[in-house]
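In case you want the letters, here they are:
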Amino acid sequence: MQLLWIRHAESIANQRGEMQGQADSALSERGRQQAIGLGRYLAEQSWSPSHVYSSPLGRAIATAAILIETLRVVGNSDPVPVVIQEPDLQEISNGIFQGLTWAEAQLHYPQLCQQLESNLSWIPIPGAETLEQLHDRSQRFIQNLLKTHQNDDRVWIISHAGILPYLMAALMRSDRVWGLTIPCTALFEFEFNLDYWHCGDHNRYNTALWQLHRFNQVIAEV
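On a predicted model such as this, the values are computed, not experimentally measured, just so you know.

### Here's the deal with unusual backbone geometry
The backbone of Ser-46 sits at a positive phi, close to 55 degrees, despite the residue not being glycine. Positionally, Ser-46 belongs in the loop between helix H2 (29–44) and strand E2 (51–54). Of note, the phi angle at Arg-173 is positive, near 60 degrees, even though the residue is not glycine. Looking at the element boundaries, Arg-173 is found in the loop between helix H7 (164–171) and strand E5 (187–192).

### Some remarks on the packing of aromatic side chains
All told, the structure shown has 6 aromatic pairs when counted by the stated rule. Taking the centre distance of 6.0 Å and the plane angle of 50 degrees together, the rings of Phe-97 and Tyr-109 count as tilted. With Phe-97 in the loop between strand E3 (83–85) and helix H4 (102–108) and Tyr-109 in the loop between H4 and helix H5 (110–118), this pair connects stretches of sequence that are 12 residues apart. When its relative accessible area of 2% is taken as the criterion, Phe-97 is described as buried.

### Structural notes on empty space enclosed by the protein
A full pass over the atoms with the stated rule returns 1 cavity of 30 Å³ or more. Empty space within the largest cavity amounts to approximately 40 Å³. For the largest cavity, the full set of lining residues is His-135, Ser-138, Gln-139, Tyr-166, Ala-169, Ala-170, Ser-174 and Val-177. Contributions of two or more residues to the lining of the largest cavity are made by helix H6 (131–148) and H7. Split into classes, the residues belonging to the lining of the largest cavity amount to 4 nonpolar, 4 polar and no charged.

Calculation notes
- Residues numbered from 1 in each chain as written.
- Predicted model: local features only at pLDDT ≥ 70, side-chain atom pairs only at ≥ 80, totals over all residues.
- Heavy atoms only, no water.
- Helix = DSSP H or I, 4+ residues; strand = E, 2+ residues; numbered from the N terminus.
- Phe/Tyr/Trp six-rings, centres within 6.5 Å; stacked < 30°, edge-to-face > 60°.
- Buried < 20%, exposed > 50% of the residue type's maximum accessible area, 1.4 Å probe, protein only.
- 1 Å grid on protein atoms, 1.4 Å probe; cavity = no way out; pocket = protein on both sides within 12 Å on 5 of 7 lines; lining within 4 Å.
- Points joined across faces, edges and corners; volume = space filled by probe spheres on them.
- Nonpolar A, V, L, I, M, F, W, Y, C, P; charged D, E, K, R; others polar.

Spelled out as structure tokens, the structure:
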């Protein structure tokens, strides 16, 4: 099974430095060009999907639509699948910070922001998801994905920078979620053999069965 994770293209809120969370924001013009450039690259690489999943948030759906349309325009001969909107792929809900820049958050919630900046331990944000909720929905999506697909499936997943580390930790069976900066339209490409997925023997350590072809790779920077 081939699995390509894609962070959505730049939104207008990204341009403004807002903490979008689950609020909607249209793609910026730069974001549209990023998505077109990425679509052309994937078409040139013959990386056409058999299935496409997307967060239901507008910036992810718009990115998926541009990628698929670009495949059609470039002349992809494979049938293009319908985009499946999956709520578990939504960005982290960031509660009272949603829609604010960090400077605005500091203005409105100075004490909380000071605590966040000075303390490495997790501090709950009012109205936001908990770490356990993020973990649980990431695990749920991955388990459903593995039950649904076959070895010859080629899957795109368009999602968000905040939730992607949780999703990849769930796929890689890591008991830690590793933080990283994920640029717009960054790619993560995994290939693995579902026939051996539940093996308990030495094949768990067989790198021929589990491969990472790209990690946080940006092709279409504009």
